[in-house]
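Next come the chains, spelled out residue by residue.
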Amino acid sequence: MITITASEFRQLAVFIQQNFGVYLKDEKRTLITGRLQTILSQHNFNSFSEYFQYVADDRSGEAMRALLDRVTTHHTFFMREADHFQYFRNVVLPHYQHALHDRDLRIWSAGCSTGEEPYTLAMLMADFFGEQKSLWDTRILATDLSIHVLETAQKGIYKNDSLRDLPTTWMLNYFQKLNNDQSSVVDRIKNEVIFRQFNLMEEIYPFRKKFHVIFCRNVMIYFDDETKYDLVRRFYEFTEPGGFLFIGHSESLDRMRTEYRYVLPAVYRKD
């Protein structure tokens, strides 16, 4: 096993933070070393310094994507932090049902991982709008750094065990059982989600319109305070007046450092 030196780990940490916002604490050193061993072995590198040079020299982007997949965590599941979805269903959707005369509801799932969050939102809206759904544009933009997890999300295939806590009506209406182990999200729900690779640290956000709702949950736990509040300011800029920001329950915002108004734990609003 090739060990990473203190200076090599600092080099990696600085590179990842500057380019992707993720702050690698020193206690992650052993974990990251283990996750990268396969790559070093496959390419016969003798040190992490050789590997870093390989990443820097690669123009295809594949080396960078492989690195990102190993230094970031993509754990999620359907209905994670379910009270957020209840608030979205019981408060946010009724508000916009009456407030949006053009019926163009814009939602961004930032850090969507393998797709459970945006698909949950799409199913909630299908339930809520019912027969009126075709009159609304409620397509969700779902972005993530990792192309690997986005490929999984686009397929929309999940283990049946991971779906057992979902409502029975959802299993009947929004999933197609493939076999005893897996089910697929039906096309009419898949078509409601637009998956794109996007780095939240980009200097310029390419969005033409602002969002009514932004979900960015359990992403900023990997950022230091400066990076986190820079990102929150960007979110605020791209939130419509009256719009909502949902963050993870393990995250919080200092109310003196954000223009968003606190609504309830991990839910904020732009007045």
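Structure shown above.
In this report, we go over the structure that sits alongside the text.

## Quick word on the sheet that holds strand 5 (residues 182–185)
Point 1. Ordered in space as 3-5-4, the three strands form an open sheet in which the pairing is antiparallel. The open sheet has two free edges, formed respectively by strand 3 (157–159) and strand 4 (175–177), since each of these has just one partner strand. Across the sheet, the mean angle from the axis of one strand to that of its neighbour is 35°, orientation sign disregarded.
Point 2. Sheet analysis places strand 3 next to strand 5, joined by three bridges and oriented antiparallel.

## Focus on the pattern of salt bridges
Oppositely charged side chains are able to pair whenever their charged atoms sit close together.
Point 1. Inspection of every chain in the model, using the stated rule, returns eleven salt bridges.
Point 2. Put simply, arginine 217 and glutamate 81 hold a salt bridge, and the shortest N to O gap is 3.7 Å. Of the two residues, arginine 217 is situated in the loop between strand 7 (211–216) and helix 10 (225–237) and glutamate 81 in the loop between helix 4 (62–71) and helix 5 (82–99); the sequence distance between them amounts to 136 residues.
Point 3. By relative accessible area, glutamate 81 is classed as buried at 18%.
Point 4. When the shortest N-O distance is used, the salt bridge between lysine 228 and aspartate 225 registers 3.9 Å. With lysine 228 and aspartate 225 both in helix 10 and three residues apart, this pair spans about one turn of that helix.
Point 5. According to the relative accessible area criterion, lysine 228 is buried, its value standing at 12%.
Point 6. Look at aspartate 225 and you get partly exposed, because its relative accessible area is 44%.
Point 7. One connected set of salt bridges, linked through shared partners, spans Asp104, Arg106, Lys209 and Glu240.

## Details of the sheet that holds strand 7
Point 1. Spatial ordering of the open sheet is given by 6-2-1-7-8-10-9, a layout of seven strands whose pairing is mixed. Strand pairing shows two members of the sheet lacking a second neighbour, strand 6 (193–197) and strand 9 (261–264), which therefore form its edges. The average undirected angle you get between the axes of adjacent strands in this sheet is 20°.
Point 2. Of the strand pairs in this sheet, strand 1 (residues 107–110) and strand 7 are connected by three bridges, and their pairing is parallel. When the bridges of strand 7 are listed, serine 109 appears paired with phenylalanine 215.
Point 3. The sheet contacts of helix 5 involve strand 1, strand 7, strand 8 (239–247), strand 9 and strand 10 (267–269), and relative to strand 8 the element is tilted by about 170°.

## Considerations on unusual backbone geometry
Comment: phi is negative for the bulk of residues other than glycine, and the bulk of peptide bonds are trans.
Point 1. In this structure, methionine 79 is a non-glycine residue whose phi angle is positive, near 60°.
Point 2. Mapped onto the fold, methionine 79 is located in the loop between helix 4 and helix 5.
Point 3. In this structure methionine 79 comes out as partly exposed when scored by relative accessible area, which is 26%.
Point 4. Here the phi dihedral of glutamate 81 falls at roughly 55°; this positive angle occurs in a residue that is not glycine.

## So, the nonpolar core
Soluble globular proteins tend to pack their nonpolar side chains together in the buried interior.
Point 1. By size, the foremost hydrophobic cluster in this structure holds 47 residues, and its most contacted members are Leu36, Tyr51, Trp108, Leu200 and Phe235.
Point 2. For this core, the elements supplying multiple residues, two or more each, are helix 1 (6–20), helix 2 (29–42), helix 3 (48–57), helix 4, strand 1, strand 7, helix 10 and strand 8.
Point 3. Setting aside residues no more than four positions away along its own chain, leucine 36 makes contact with Leu12, Phe48, Tyr51, Leu67 and Arg70.

## A few points about the packing of helix 1 against helix 2
Point 1. The geometry of helix 1 relative to helix 2 is characterised by a closest axis approach of 12 Å and an angle of 85° between their N-to-C directions. Relative to helix 2, the element helix 1 is oriented roughly perpendicular. On helix 2, the residues touching Ala6, Phe9 and Leu12 of helix 1 are Arg29, Ile32 and Leu36.
Point 2. Residue composition of the contact of helix 1 with helix 2, grouped by class: five nonpolar, no polar and one charged.

## Side note on the environment of aspartate 102
Point 1. Summarising the element assignment, aspartate 102 is placed in the loop between helix 5 and strand 1.
Point 2. Between the C-alpha atom of aspartate 102 and that of tryptophan 136, which follows or precedes it by 34 residues, the distance is 8.3 Å.

## Things to note about the side chain of threonine 227
Point 1. The residue threonine 227 is located in helix 10 in this model.
Point 2. By relative accessible area, threonine 227 is classed as buried at 13%.
Point 3. Residues in contact with threonine 227, not counting those within four places in the same chain, are Gln17, Gly21 and Met201.

Cut-off values and rules
- Residues numbered from 1 in each chain as written.
- Predicted model: local features only at pLDDT ≥ 70, side-chain atom pairs only at ≥ 80, totals over all residues.
- Heavy atoms only, no water.
- Pairing = 2+ DSSP bridges.
- Helix = DSSP H or I, 4+ residues; strand = E, 2+ residues; numbered from the N terminus.
- Axes fitted to C-alpha atoms, helices over the stretch in contact; angles between N-to-C directions.
- Salt bridge = Lys/Arg side-chain N within 4 Å of Asp/Glu carboxyl O.
- Buried < 20%, exposed > 50% of the residue type's maximum accessible area, 1.4 Å probe, protein only.
- Contact = heavy atoms within 4.5 Å.
- Core = buried A, V, L, I, M, F, W, Y, C linked by side-chain atoms within 4.5 Å.
- Parallel < 35°, antiparallel > 145°, perpendicular 65-115°, else oblique.
- Nonpolar A, V, L, I, M, F, W, Y, C, P; charged D, E, K, R; others polar.

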